[in-house]
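# Working through the structure, step by step
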Amino acid sequence: MIRHYVELKDQHPHALLLYRVGDFFETFFQDAIAIARELELILTAKDAGKDVGKVPLAGIPHHALDRYCALLVEKGFAIAVCDQMEDAADAQGQLVRREITRVITPGTILEEGMLNARRNNFLAAVVLAGNHWGLAYADVSTGEFLTTQSQDLEQLTQELMRLQPSEVLFPTNAPDLVSLLRPGEKSDHLPECLPSQFCYTLRSQAPFVLSEARYRLLQRFRVRSLEGMGCEHLPLAVRAAGGLLEYVETSTEKDMGKGKGEGGKEEGERGKDKKKEADDQRDGKTSSLIHPSALKTFPLQPLCTYTLTEYLVIDHQTRRNLEITQTARDGTYHGSLLWALDKTVTAMGSRALRRWLLQPLLQLTPIHDRQDTIAELVENGSLRQTLQRLLKQIYDLERLAGRAGSGTANARDLVALADSLDKLPDLGRLVEKTRSRYLQDLQTVPPILEHLGQHLHAHLVETPPLYLTDGNLIRSGINAQLDELRQQVEADQHWIKNLEAVERERTGVSTLKVGYNKTFGYYISISRAKAGQQVPDGYTRKQTLTNEERYITQDLKERENRIQLAQDSLNHLEYEIFAELRSQVGEQAELIRTVARSIAAIDVLCGLAEVAVYQGYCRPAIAPSREVCLLEGRHPVVEQSLPAGFFVPNDTALGSGEGAISGQPSAVSRQRSVVSNQPSAVSRQRLAGETESETPNSELKTQNSKLKTQNSKLKTQNSPSPPFNPLPPPDLIVLTGPNASGKSCYLRQVGLIQLMAQVGSFVPAQTAKLGLCDRIFTRVGAVDDLATGQSTFMVEMNETANILNHATPRSLVLLDEIGRGTATFDGLSIAWAVAEHLATEIRARTIFATHYHELNELASILPNVANYQVVVKELPDQIIFLHKVQPGGADRSYGIEAGRLAGLPASVIQRARQVMGQIEKHSKIAIGLRKGGQTSHSTREKNGQAYPIDQPIEQLDIFGEG
Ligand SMILES: Nc1ncnc2c1ncn2[C@@H]1O[C@H](COP(=O)(O)OP(=O)(O)OP(=O)(O)O)[C@@H](O)[C@H]1O
């Protein structure tokens, strides 16, 4: 047995091998040590013979296989399940025949209990060629199969972070090709651009070679060219997709028992195995893990090619900072944007919403389509509610179709699918008179699906058993042979039922009974007292118990055999009829999934309409401009977390000019860019203490005033703009305010509203006018990244560098404090330079929240910068947070007050106040900057750059009085 184990292990070295021995799935050697550690099981030892000695052993009870497998897969292990294919008794002293029945890897799960209904389970494949890359991904449970190709490895990392694949295939020339690298495991064969938190399966290069990959795709989808799939001319995308397909196809081949090993099955033995499967399942012996005789192949949808530029780019940091699908603090769903918006009623809808939030759109038409549908569902509340009631009754069609297509659906799955298909005509009628595109998509139900639902109902009983080989799946009146067999079994069972009365009368033994047990089958029992007197004619003793004797008769045995045979034929026939039904469903898997996607979209839109109604959202006007214009905007998550009416809404006005969107700068932006060519000079002059009237560049001034006029004109045309500030909307807002006043909240609210608008959702504001943006960047208080050995400050600088290198005038940049992790003046200088660069060189729409009040100076230097502050009310002993954003800059942070509220000892607070007094009195830099350069600055040249220097700074005497 150990030798067989080792042989199998050699064939599946990347997987933990669970080997059925009686009631346990055992593991030996390293696998035993691994599962004992991972599952907290007891590690024992087994004697493996004289030559080997004791080997480590750990096992799990057979009935708990699914649960333990789910745990292991979640931890990133692959598992090979080796089951017994015959009873130990049948083996007659030989080694029991065993086979690998299923190989599960994190990316190829189909088992319902192991999948999260509300999110996709992606398997990805990556191909690299220098700085270029190809990425394909598939969800084998829902059939999605996509591929793309691009350059810039950073983008690849970001795309993988968006997908969060459960397993990534990577071709390499590594000698150890079969190993599966668990999250965090390092390998020399993995390039740095592949994030280490995923599971990697190293594959050979062969299936990823272009010709091989292309051929496989052509074969699979029965096409002559990949043109229709959009990737004929994208070699890296084709290679990744072909390599992924090969993995999926070979995993199923393996699962089908095509692998070598002791138990390679002959065709003739299949029937016997089915019977064995039936027996085992009846006895509750086997797990519900997909059986090899059932698993065909994963039905994947035709390959789709996508480009990264189709969607709003949200990098991983921004996804985390905006808490789109999980909170930044503890990674929970509760408290995320998804949580606030998810009012879907189906698993398909929930998965779709997650996808939509992670891929906001860049094109106006699809955004308008979604908005139109939400608007219709907002207006027509009764339609929305009836739709949601109906949607609730629809099961996960995407995954049910997948299980049918892969031959793993059970009868309950098909009944659920039929019930769901039955609802389609009702859905169609309900949306008959609707106007918007998504609702109209549901108007026509493909007749073939309507018929399929009826067909399934006509064949399958209402509540079939869980196991397929137990019979009682198919209704009577469907198949003549089935009816005949059933009648025969019923007649024989009737005969046995009557036997007790007949035999009592014939033998005169009134206590005679007819019974059944698994070992002996049917028997006649007579109490021992009576049996002692007289054994009736034709009775053969079979078993003696304390109080009774058990007999059989020839007639009874014959009937029993007939019942058994008929029942076996019956179960077999039912299974065959069922399998035929299942493959009919499988043939329609693609069509079912198309309908499922329309249903999922409607579910999402109904949910978004519901949130819009109950939370009072508005439909944003989206235009190809640079505007962010919000009246009474709110944070969608914080608002829902606070009691009704507690959230303080705030206005936002940012950015103007249209040209940047289309790539053709408008007059306004052209003029602004003239300004942007000169800013450093201006700011340097300001910093150097020159007043505006002394500015030599009078042309610049004229440009600026023209710009202001144009912007205010634009603003009037683009009403409704909030009556927020009479000046043209700035490109950069410097946002100051005390600790905990609401700066971060405001910043994120603007980002989330922009994102929601590009998802097509209504937004939490009274009115909203938003330009399409190409990227949202955020930089929010960093934490040490110990894993990569980066300090807080370095993480912050990396993130800032990324923003400055990639932001465009179409981007929205949200900066929550920069430069905090270093010396105050270093930090302030960096913050200043970053803000200046964003406002003048990049001209991205930016909100810069900061405690460096000195940055307020920028607004008086640069025309496209404005100051806002979150105001508080100061009482003698405390401050009251008003959470209101208003024009102007705060001059204090009330940090010491925040410390007092947090419970710092009174003596520390008092001392801090004293120290602050001293610093304020003596810090020339701070005072100088705050006074807007009115103090005597001078400039000097260094490396060709002008920069300000202050009067020599006095040594601060913060410990004394003077
Ligand atoms: N507009 C608002 N209405 C009601 N409550 C708000 C509002 N904005 C923020 N808050 C509340 O105030 C708390 C603090 O807000 P936030 O974290 O945004 O402050 P902050 O100014 O960024 O503070 P710090 O400078 O210390 O980072 C939030 O957790 C939220 O509960």
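Residues numbered from 1 in each chain as written. Predicted model: local features only at pLDDT ≥ 70, side-chain atom pairs only at ≥ 80, totals over all residues. Heavy atoms only, no water.

Tracing the backbone through its elements, the reader meets L341 in helix α9 (residues 337–341). Separated by 263 residues in sequence, L341 and V604 have C-alpha atoms that sit 9.1 Å apart. Not counting the four nearest positions on each side in its chain, L341 is found in contact with L353, L357, L608, V611, Y617 and M756. (Helix = DSSP H or I, 4+ residues; strand = E, 2+ residues; numbered from the N terminus. Contact = heavy atoms within 4.5 Å.)

Our focus in this paragraph is the pattern of salt bridges. Tallying each qualifying case throughout the model produces 37 salt bridges. Close ionic contact of R355 with E144 constitutes a salt bridge, the shortest N to O distance being 3.1 Å. Placement of the pair is R355 in helix α10 (residues 347–358) and E144 in the loop between β8 (132–138) and β9 (145–151), with a sequence separation of 211 residues. The buried category is assigned to E144, whose relative accessible area is 10%. With a shortest N-O distance of 3.6 Å, E799 and R320 are connected by a salt bridge. Residue E799 is found in helix α27 (residues 792–806), and its partner R320 is found in helix α8 (residues 316–321); the two are separated by 479 residues along the sequence. Overall, the relative accessible area of 32% leaves R320 in the partly exposed class. (Salt bridge = Lys/Arg side-chain N within 4 Å of Asp/Glu carboxyl O. Buried < 20%, exposed > 50% of the residue type's maximum accessible area, 1.4 Å probe, protein only.)

Let us look at the sheet that holds strand β22 (residues 732–736). Spatially, β14-β24-β25-β26-β22-β27-β28 is the arrangement adopted by the seven strands of the open sheet, whose pairing is mixed. Where the open sheet ends on each side, the last strands, each with one partner, are β14 (313–314) and β28 (879–887). By the bridge criterion, two bridges tie β14 to strand β24 (residues 775–780) in an arrangement that is parallel. Bridge pairing links V313 to R775 in β24. Against the sheet, helix α26 (residues 743–759) engages β14, β22, β24, β25 (812–816), β26 (845–849), β27 (865–874) and β28, with an angle of about 160° to β25. (Pairing = 2+ DSSP bridges. Axes fitted to C-alpha atoms, helices over the stretch in contact; angles between N-to-C directions.)

The environment of the ligand is formed by 14 residues, the closest being V648, A740, K743, S744 and C745. Within the side chain of S744, a nitrogen or oxygen atom sits 2.5 Å from an oxygen atom of the ligand. One of the side-chain N or O atoms of H851 is found 2.9 Å from an oxygen atom in the ligand. When the ligand sits alone it has 630 Å² of accessible area, and the protein chains cover 73% of it. Looking at the shell around the ligand element by element, the count peaks at three residues for α26. (Near = heavy atom within 4 Å. Polar contact = N/O pair within 3.5 Å; in protein donor to acceptor, adjacent residues only side chain to side chain. Areas by Shrake-Rupley, 256 points an atom, 1.4 Å probe, with all protein chains shown as cover.)

Another point: the UniProt feature "binding site: ATP" (unreviewed entry) in the chain. Annotation from UniProt places "binding site: ATP" (unreviewed entry) at G737, P738, N739, A740, S741, G742, K743 and S744. Relative to the helices and strands, P738 resides in the loop between β22 and α26. Assessed through its relative accessible area of 1%, P738 is described here as buried. Tracing the backbone shows N739 in the loop between β22 and α26. (UniProt positions renumbered as here; feature names shortened; annotations may be inferred.)

Within the structure shown, the criterion is met by nine aromatic pairs. The structure contains a cluster of three or more aromatic residues connected by ring pairs, namely Y5, Y19, F28 and F29. The ring of Y68 has R67 sitting right over it, with the charged end atom 5.0 Å from the ring centre. One Lys or Arg, R437, reaches over the ring of Y438 and ends 4.3 Å from the middle of that ring. (Phe/Tyr/Trp six-rings, centres within 6.5 Å; stacked < 30°, edge-to-face > 60°. Lys NZ or Arg CZ within 6 Å of the ring centre and 35° of its normal.)

At a closest axis distance of 11 Å, the pairing of α27 and helix α28 (residues 824–842) adopts a crossing angle of 10°. As summarised for this structure, α27 and α28 are arranged roughly parallel, according to the angle between their axes. Here the hand of the crossing between α27 and α28 comes out left-handed. For the pair α27 and α28, the contacting residues are F793, M797, T800 and L804 in the first and I830, V834, H837, L838 and I842 in the second. Here the residues of the contact of α27 with α28 sort into seven nonpolar, two polar and no charged. (Parallel < 35°, antiparallel > 145°, perpendicular 65-115°, else oblique. Left-handed = near helix turned anticlockwise from the far one by under 90°. Nonpolar A, V, L, I, M, F, W, Y, C, P; charged D, E, K, R; others polar.)

For D152, which is not a glycine, the phi torsion comes out positive at approximately 80°. Looking at the secondary structure, you find D152 in the loop between β9 and α4 (153–163). Of note in this structure, H883 is not a glycine but carries a positive phi near 55°. Relative to the elements of secondary structure, H883 occurs in strand β28.

Once that is clear, we can look at the sheet that holds strand β4 (residues 54–61). Pairing within the open sheet is mixed, and its six strands lie in the order β3-β4-β2-β1-β5-β6. Strands at the two margins of the open sheet, each flanked by one partner only, are β3 (44–47) and β6 (98–104). Here the average twist between neighbouring strands, direction ignored, is 35°. Direction of pairing for β3 relative to β4: antiparallel, over a ladder of four bridges. Pairing of K46 across the sheet is with V55, part of β4. Packing against the sheet, helix α1 (residues 2–11) makes contact with β1 (15–21), β2 (24–28), β4, β5 (78–84) and β6, and its axis sits at approximately 150° to β1. In the packing of helix α2 (residues 29–39) onto the sheet, contacts are made with β1, β2 and β4, and the angle to β4 comes to roughly 45°.

Structurally, S187 is set in the loop between β11 (180–181) and β12 (200–203). Counting along the chain gives 15 residues from S187 to L202, while the straight-line C-alpha distance between them is 9.9 Å. Look past the residues within four positions of S187 in its chain and what remains in contact with it is L181 and L202. Of the polar contacts made by the side chain of S187, one reaches the backbone nitrogen of H189; its length is 3.0 Å.

The next subject is a nonpolar patch on the surface. On the surface, L875, I880 and L882 cluster together into a nonpolar patch covering about 200 Å² of accessible area. With respect to the element layout, I880 can be found in strand β28. (Patch = residues over 30% accessible without salt bridge, like charges linked within 9 Å, V, L, I, M, F, W, Y side chains within 5 Å.)

Attention now moves to the pairing of β8. Across the seven residues that make up β8, a large majority, six, are buried. Here strand β7 (residues 123–129) runs beside β8; their pairing, made up of seven bridges, is antiparallel. Of the residues in β8, the one forming a bridge with V127 is G134. Counted between consecutive antiparallel strands, the loop separating β7 from β8 contains two residues, among which G130 sits at a positive phi close to 65°. Of the pairings in the sheet, the one linking β8 to β9 comprises seven bridges and is antiparallel in character. Paired with A136 across the two strands is T147, which belongs to β9.

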